[in-house]
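# Examination of the molecular architecture
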Amino acid sequence: MHRILAALLAITLSTSVLLAQDDRLDDLTFEEMPLKDESVPYFAVGVGPTLSLYMPNYDDVNALGTSLGIGTMSGSIAQWGGEIFTAIGVVPNMRVGFSWVAGNNSASKDTTFVAGGPSYTRAMKYSVSMRTLKLDYAIVPFKSFAIIPGVGVGFGTLTLETYQSAKNRTWADYGTIPATSPDSYSILERSVIYAAPKLDLEYAVTPFLNLRVNASYALQLAGGDWTGNRTAVVSSVPDGIKLQGFSAQFGIFVGLFN
């Protein structure tokens, strides 16, 4: 009798434990737990062509053009060039780059020196070239898009050319120096150092193709002497003729981009 009661008690306890375990099994779920997002460090290495629209102050340049009877310049200087850049692996989201651009604007006018005489063309060309070393920091708000503030320091050249010539010439006219009067040509040049804070907006269309729009402002820091016709040192050149102004840029780059 005691053995039967012990067996019944053991069966009852075992059943209670199993039922309790079944209740806890109902609380279990096999849904996937959310994984913690991991930020991917910025990486890019690329090279490609650029088009910049540089907007200088023309006031002093146009004052010269007006005094020569040439006219005035307006609008931006279209600067074609290129850039190469790469991320710095040891410093997250930092990259370095080097760019080079050059372009010019011009004005011209036809004139005569004697009533009824031959027609001459008088012209002026203003050229600006820039070579810039850049340091950038990339902010990636979402996949494939980067906001990249940075600063550049560079070496540039300003060139102002004035010239005139008859509209029609023969080969024989160029057998002497100078050519038949009143032909003339003059070039004024200066090398400068500048800084350029900037902001790039870039979108990686594919891991191998990157598009950019850019805004920057060049600030001239120092400059060498103005030289005339590559020989004379020219003084009293107006301070307003300098490498300083806003630029907008568009670029297409190939390489590797994340």
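Residues numbered from 1 in each chain as written. Predicted model: local features only at pLDDT ≥ 70, side-chain atom pairs only at ≥ 80, totals over all residues. Heavy atoms only, no water.

Right, let's get into helix α2 (residues 59-67). Inspection of α2 places Val61, Asn62 and Gly65 among the buried residues, and these make up the whole buried set. All buried residues of α2 fall inside an arc of 90° around its axis, so they share one side. The outward face of α2, more than 90 degrees from its buried face, is lined by the exposed residues Asp59, Thr66 and Ser67. As for α2, its buried residues are in contact with β4 (119-137) and β6 (145-166). Where α2 ends, the next residue or the one after it, Gly69, has phi of about 75°, a positive value. (Buried < 20%, exposed > 50% of the residue type's maximum accessible area, 1.4 Å probe, protein only. Helix = DSSP H or I, 4+ residues; strand = E, 2+ residues; numbered from the N terminus. Arc of directions from axis to C-beta. Contact = heavy atoms within 4.5 Å.)

A few words now on the pattern of salt bridges. Summed over all chains, the structure comprises eleven salt bridges. In this structure, Arg212 engages Glu83 in a salt bridge whose closest nitrogen and oxygen atoms are separated by 2.7 Å. Note that Arg212 is positioned in strand β8 (residues 209-223) and Glu83 in strand β2 (residues 77-87), a separation of 129 residues in sequence. Here Asp200 and Arg95 are joined by a salt bridge, their closest N and O atoms 3.3 Å apart. You can see Asp200 sitting in strand β7 (residues 184-206) and its partner Arg95 sitting in strand β3 (residues 94-112), a full 105 residues away along the chain. Each member of the pair, Asp200 as well as Arg95, is classed as buried. Connected through salt bridges with shared partners, the residues Glu83, Arg95, Lys134, Asp136, Lys198, Asp200, Glu202 and Arg212 form a single ionic network. (Salt bridge = Lys/Arg side-chain N within 4 Å of Asp/Glu carboxyl O.)

Counting residues in hydrophobic clusters, the biggest one holds 23 residues, and the most contacted among them are Val61, Met73, Tyr126, Val128, Met130 and Leu243. Those elements that place two or more of their residues in this core are β3, β4, β6 and β7. Residues contacting Val128, with those up to four places away along its chain left out, are Tyr54, Ile77, Gln79, Val101, Ala102, Gly103, Thr157, Leu158 and Leu243. Membership of the second largest hydrophobic core comes to nine residues, among which are Phe85, Ala146, Ile148 and Ala204. (Core = buried A, V, L, I, M, F, W, Y, C linked by side-chain atoms within 4.5 Å.)

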